[in-house]
Amino acid sequence: METERLRIRPFTPDDWPDLFEYLSDEEVMKHEPYDPFSEEASKKEAVRRAEDSAFRAVCLKDGGKLIGNIYLAKQDFDRWELGYVFNKNYHRKGYATEAARAVLDDVFRNQNARRVIAMCNPLNMPSWRLLERLGLRREGHLIKNIYFKKDQAGNPIWLDTYEYGLLAEEWGMRCER
């Protein structure tokens, strides 16, 4: 799949250096459910993502550099879940919006998606602003509903979640404007 500036393709095991570049960055990983990756973990993750069709590599058309990834996984009842992580050197340039818009358009037009959902940490303003820019509706604010890490005493560090959703007919209306 291609957009004006991007190529969105399956991952390959050879993608690990660019994947490592952003998955090892503490700032990028701050709101992710896992810690920054080591070089070895990035190599394994590139192999894993190459075998998982839910992950798509987002690359610059010019030069082919991998700058981020889109996660789009089919759930029950023609529902899909959207996620993304991008290299901070490519933030605030419209790449995430361009890539997410392309995969949303594809999933609604070609995969018979009924609904797309996404979740993010309320503290991650760039993420929820992207979701809203794409036309997803904030449907909930769950309070202290999930944890990924524990404190020194072994107690969960609870986090809030914003939940977003978009229906196929809403995407169609959005595309017709």
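Note that the structure is a prediction, hence the values are computed from the model and not measured. (Residues numbered from 1 in each chain as written. Predicted model: local features only at pLDDT ≥ 70, side-chain atom pairs only at ≥ 80, totals over all residues. Heavy atoms only, no water.)

Bringing the pattern of salt bridges into the picture now. This model, assessed by the stated rule, comprises 18 salt bridges. The salt bridge partner of Lys-88 is Asp-25, with a shortest N-O separation of 3.1 Å. One end of the pair, Lys-88, is in the loop between β4 (79-86) and α4 (95-110); the other, Asp-25, is in the loop between α1 (16-23) and α2 (26-29), and 63 residues separate them in sequence. Given the relative accessible area of 34%, Lys-88 is considered partly exposed. A salt bridge links Lys-43 to Glu-39, with the shortest nitrogen-to-oxygen separation between them at 3.8 Å. Remark: Glu-39 and Lys-43 occur in helix α3 (residues 39-50); sequence separation between them is four residues, near one turn of the helix. Residues joined in a network through salt bridges with shared partners are Glu-45, Arg-48, Arg-49 and Asp-52. (Salt bridge = Lys/Arg side-chain N within 4 Å of Asp/Glu carboxyl O. Helix = DSSP H or I, 4+ residues; strand = E, 2+ residues; numbered from the N terminus. Buried < 20%, exposed > 50% of the residue type's maximum accessible area, 1.4 Å probe, protein only.)

Taken together, the buried positions of α1 are occupied by Leu-19, Tyr-22 and Leu-23. Projected onto a plane normal to the axis of α1, the buried residues spread over an arc of 95° and lie on a single side. On its buried side, α1 packs onto α2, α3, β3 (66-74) and β4. (Arc of directions from axis to C-beta. Contact = heavy atoms within 4.5 Å.)

Quick look at the pairing of β3 now. Within a regular beta strand, the side chains point alternately toward one face of the sheet and then the other, so they alternate between its two faces. Of all nine residues in β3, seven are buried, a share of seventy percent or more. The pairing of strand β2 (residues 55-60) with β3 spans five bridges and is antiparallel. By the bridge assignment for β3, Ala-57 is matched with Asn-69. Hairpin connection of β2 to β3: five residues between the antiparallel strands, including Gly-63 at a positive phi of 100°. Note: β3 against β4, seven bridges, orientation antiparallel. (Pairing = 2+ DSSP bridges.)

Right, let's get into the sheet that holds β4. Pairing within the open sheet is mixed, and its seven strands lie in the order β1-β2-β3-β4-β5-β7-β6. Taken across any chain shown, the strands that pair with only one partner, and hence form the sheet edges, are β1 (6-10) and β6 (137-150). Strand after strand, the sheet turns through a mean of 30° between neighbouring axes, direction not considered. (Axes fitted to C-alpha atoms, helices over the stretch in contact; angles between N-to-C directions.)

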